[in-house]
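Each chain, written out:
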Amino acid sequence: MIETDAAPSPTRLSPAQRIAASISDPVLRVLVLSTLIGRVGRGIFLTVTVLYFTLIVGLSATEVALVLAASSAVGVGASLLGGQLADRFSARRLLLGFSALSGLGLIGYVFATSFASALLIACVVGAADSAANATRMAIIARAFTGAARVNARAVLRTVTNIAIAVGSALGGLALLVGTGDAYRGIIIGAGVVYLLGCTLLLRLPASVDAPPREIGVDTSARAAITADRRMRSPWRNPRYLALSALSAVFGIQFGLAEVGVPLWIAHDTSAPTALVAAVLILNTIVVIIFQVPLSRGTHDIRRAGAVTAWAGVIMAAACLLYFAASGTGVVAAVLLLLVAALAHAFAEVLSQAGGWGLSFELADPAVPGAYQGVFSMAFSVGSMLAPLVVTAALALGFAGWAGLAVMFLLAAFGTDAIARRAARRLL
């Protein structure tokens, strides 16, 4: 275990300075640099995905939706598997292997010529991505303690947003050219960049791996070890399962941002559709600037719960503001949507900070991979269901938006209740 309880100094630093300060830790330095390079490739691909499938491969909108849904679905089981494997084998090699498979999968999209081939590749990439994410969370849980764990997660999320923003700008080059060769060339480039980021994972120290497997122990001792692992399973921890489920419900706010808000702006408000891009940019800016500072202190269980509760209140307000933008003039709609998007972004930042703190602190430290696998799996389930929940809510107008607001409030307050109860038991 690398003892790095102290988070970086809370002095006012720019995002770039915070990232530079984090690189002093050898584990976080590797993860930051790998993420910074690799996620540029991911950002490139995300920019061209839908248009590549429809314009170049020739898939229908329904087929594209099925491909993306299937990718999320396989990620559910892969998250759980990745976390469990990280407790039994070398997390470094697992993360490298899963990440490399994902990069090769991105390149493989240039060979997609039909719905079946696109579906197969998407499932491979979705599984590899989810397993890699769960393994990465297990590495963070094992390599850091206390405040440093949440800080590491916050720094990586900040770096991810920066890299994806850069990748999105590069991906726009293929959109400008618009030819099949341009799309395929940029996708190959995205995969190559992703693989370059993977090579840095070779520098991770052995300390992030699970303890060596027992060698030479007799049958009874091995049976006792297996029984102990089963007793420590997150599936035997109702509190952690409830936390994971509630976090997954609140995580539907990502689907609201990616699917619901663009549809609402385009079809139910008088605001120009170009505002969709402005809203996404605003969200990215808020995450880059505020994720690290607003994550401080959430390693404390009680504070993590309170932060999540505030996220619920702010998210509920954002839902009502989004609805209020309908039926108004252009100027009023734009202003209301921007305020709603700003509130939404801060709710996202706070909910992530609280969720990370609780997911680490309420997990059994002896099997961090299994716990992070369950937490990641629950998030994958929420991501899979989010488009259906959001689109159904939008069809109901005010009742739907009010229902979303109540849903976020209940998830946030339920999480806070779990945190308060856990904190009392620790006293």
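The protein chain appears in an unreviewed UniProt entry as MFS transporter from Leifsonia stereocauli. For the record of the protein chain, the UniProt heading Subcellular location (unreviewed entry) holds the text "Cell membrane".

> Quick question: what am I supposed to make of a positive patch on the surface here?
A cluster of basic residues, Arg 239, Arg 302, Arg 421, Arg 424 and Arg 425, forms a positive patch on the protein surface. Topologically, Arg 425 is positioned in helix α15 (residues 398-426).

> Would you explain the packing of helix α11 (residues 275-295) against helix α13 (residues 330-361) in this entry?
A pair of packed helices is characterised by two quantities: the angle between their axes and the separation of those axes. At a minimum axis distance of 9 Å, the contact between α11 and α13 shows a crossing angle of 35 degrees. Handedness of the crossing formed by α11 with α13: right-handed. The class makeup of the residues in the contact of α11 with α13 is 18 nonpolar, 4 polar and 1 charged.

> Before we go on, may I ask you to explain the confidence of the model for the protein chain in this structure?
Low-pLDDT stretches of the model should not have their predicted coordinates read in fine detail. A residue-level look at the protein chain finds 89% of positions with pLDDT of 70 or above and a mean pLDDT of 84. Across the protein chain, the secondary-structure element scoring lowest on mean pLDDT is helix α8 (residues 219-231), at 56, and the one scoring highest is helix α12 (residues 301-324), at 96. In the model, residues 1-11 has pLDDT below 50 throughout and makes 27 contacts with residues more than four positions away in sequence or in other chains.

> Looking at this structure, how should I read the packing of helix α9 (residues 238-250) against α13?
Following both chains from N to C, one finds α9 and α13 inclined at 165 degrees, their axes separated by 11 Å at the closest point. With respect to α13, the element α9 is oriented roughly antiparallel. The two elements α9 and α13 cross, and the hand of that crossing is left-handed. Contact with α9, carried on its side by Tyr 240, Leu 243 and Phe 250, involves Ala 347, Ser 351, Leu 358 and Ser 359 of α13 and no other residues of that element. Class assignment of the residues belonging to the contact of α9 with α13 gives a composition of 5 nonpolar, 2 polar and no charged.

Analysis parameters
Per-chain numbering applies: the sequence of each chain, read as written, is numbered from 1 onward. A pLDDT threshold of at least 70 governs which residues receive local features in this predicted model, and a stricter bar of 80 or more applies before side-chain atom pairs are shown or counted, although totals over entire chains, interfaces and linings include all residues. Hydrogens and water are ignored here; the side-chain numbers use all heavy atoms of the structure. UniProt positions are given in the numbering used here, feature names are shortened, and annotations may be inferred rather than shown by experiment. Like-charged residues within 9 Å of one another, or nonpolar side chains (Val, Leu, Ile, Met, Phe, Trp, Tyr) within 5 Å, are grouped into patches, provided each residue has over 30% relative accessible area and no salt bridge. Reported accessibility uses the Shrake-Rupley method at a 1.4 Å probe radius. Residues are deemed covered only where the shown protein chains occlude them. Think of a salt bridge as a Lys or Arg side-chain nitrogen and an Asp or Glu carboxyl oxygen that are within 4 Å of each other. For the charge count, each Lys or Arg is scored as positive and each Asp or Glu as negative, with His and the chain ends excluded. A charged residue contributes its charge at one atom only: NZ of Lys, CZ of Arg, CG of Asp or CD of Glu. Helix and strand definitions here come from DSSP, where helices need a minimum of 4 consecutive H or I residues and strands a minimum of 2 consecutive E residues; each element is numbered from the N-terminal end. To define axes, lines are fitted to C-alpha atoms, for helices over the stretch in contact only, and angles between the resulting N-to-C directions are given on a 0 to 180 degree scale. Helix crossings get a hand from a simple test, with the near helix turned counterclockwise from the far one by less than a right angle marking a left-handed crossing and a clockwise turn marking a right-handed one. Three classes are used, and their members are as follows: Ala, Val, Leu, Ile, Met, Phe, Trp, Tyr, Cys and Pro are nonpolar, Asp, Glu, Lys and Arg are charged, and the others, Gly among them, are polar. Per residue, pLDDT measures the predictor's confidence, with a range of 0 to 100. Contacts: residue pairs with any heavy atoms within 4.5 Å of one another. Orientation categories follow fixed angle ranges, with anything under 35 degrees roughly parallel, anything over 145 roughly antiparallel, 65 to 115 roughly perpendicular, and all other angles oblique.

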